[in-house]
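Topology and contacts: notes
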Amino acid sequence: QVQLVESGGGLVQAGGSLRLSCAASGRTTSSYIMGWFRQAPGKEREFVAAISRGVGTTYYADAVKGRFTISRDNAKNTVFLQMNRLKPEDTAVYYCAASGSLWVNANTKYDYWGQGTQVTVSS
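Residues numbered from 1 in each chain as written. Predicted model: local features only at pLDDT ≥ 70, side-chain atom pairs only at ≥ 80, totals over all residues. Heavy atoms only, no water.

Right, let's talk about the sheet that holds strand 1 (residues 3-7) for a bit. Taken together, the 4 strands give an open sheet; going across it, the order is 1-3-8-7, and neighbouring strands pair in antiparallel fashion. Across the chains shown, the open sheet's two edge strands, defined by having one partner strand only, are strand 1 and strand 7 (68-73). Ignoring strand direction, the axes of neighbouring strands in this sheet form an average angle of 15°. Bridging between strand 3 (residues 18-25) and strand 8 (residues 78-83) involves 6 bridges; their strand directions are antiparallel. Following the sheet pairing, L18 is matched in strand 8 by M83. (Pairing = 2+ DSSP bridges. Helix = DSSP H or I, 4+ residues; strand = E, 2+ residues; numbered from the N terminus. Axes fitted to C-alpha atoms, helices over the stretch in contact; angles between N-to-C directions.)

Right, let's get into the pairing of strand 4 (residues 33-39). Within strand 4, 6 of the 7 residues are buried, which leaves it mostly tucked inside the rest of the structure. Here strand 4 pairs with strand 9 (residues 92-99) via 7 bridges, running antiparallel. Each residue of the ladder has a partner; that of G35, found in strand 9, is A97. Pairing of strand 4 with strand 5 (residues 46-51) involves 5 bridges; the strand directions are antiparallel. By the bridge assignment, G35 is partnered in strand 5 with A50. Two successive antiparallel strands, strand 4 and strand 5, enclose a turn made up of 6 residues, where G42 displays a positive phi of approximately 75°. (Buried < 20%, exposed > 50% of the residue type's maximum accessible area, 1.4 Å probe, protein only.)

Take the state of the cysteines next. One pass over the structure, following the stated rule, counts 1 disulfide. One disulfide bridge connects C22 with C96, the sulfur atoms lying 2.0 Å from each other. With the S-S bond torsion at -80°, the cross-link from C22 to C96 turns out left-handed. Of the two residues, C22 is situated in strand 3 and C96 in strand 9; the sequence distance between them amounts to 74 residues. Taking the relative accessible area as the measure of exposure, C96 reaches 0% and is therefore buried. (Disulfide = S-S within 2.5 Å.)

And the structure:
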């Protein structure tokens with residue numbers, strides 16, 4: 001059982017940066033694979049990034065690799081998504097999610113989801 005609350009979204013100009021936070025309660029973030037997903041209007045929800053349990057191996061969608069960084073602060077029970085060089089196509093609602101799975105792969109099931117935070121990138 002874990003509850004997730006995202007924050008940090010907002011309006012930013014193309015090329016700018018935002019840092020999203022995902023505060024977890026119920027269990028420590030180290031107990032779960034933590035992921036970020038996003039969904040634009042009229043589009044399917046898509047994977048953005050994930051960080052594993054333990055040593056915290058990171059994974060990224062090709063669309064954000066090199067621009068976004070997922071990190072975990074276990075002492076604060078928080079996961080972050082640092083988003084740099086933002087593009088208009090990054091505009092979406094961003095969701096934090098937690099998975100009880102052991103491994104990050106295409107079939108990883110995320111059991112808990114936050115409410116989402118809006119990121120809007122203007123051109």
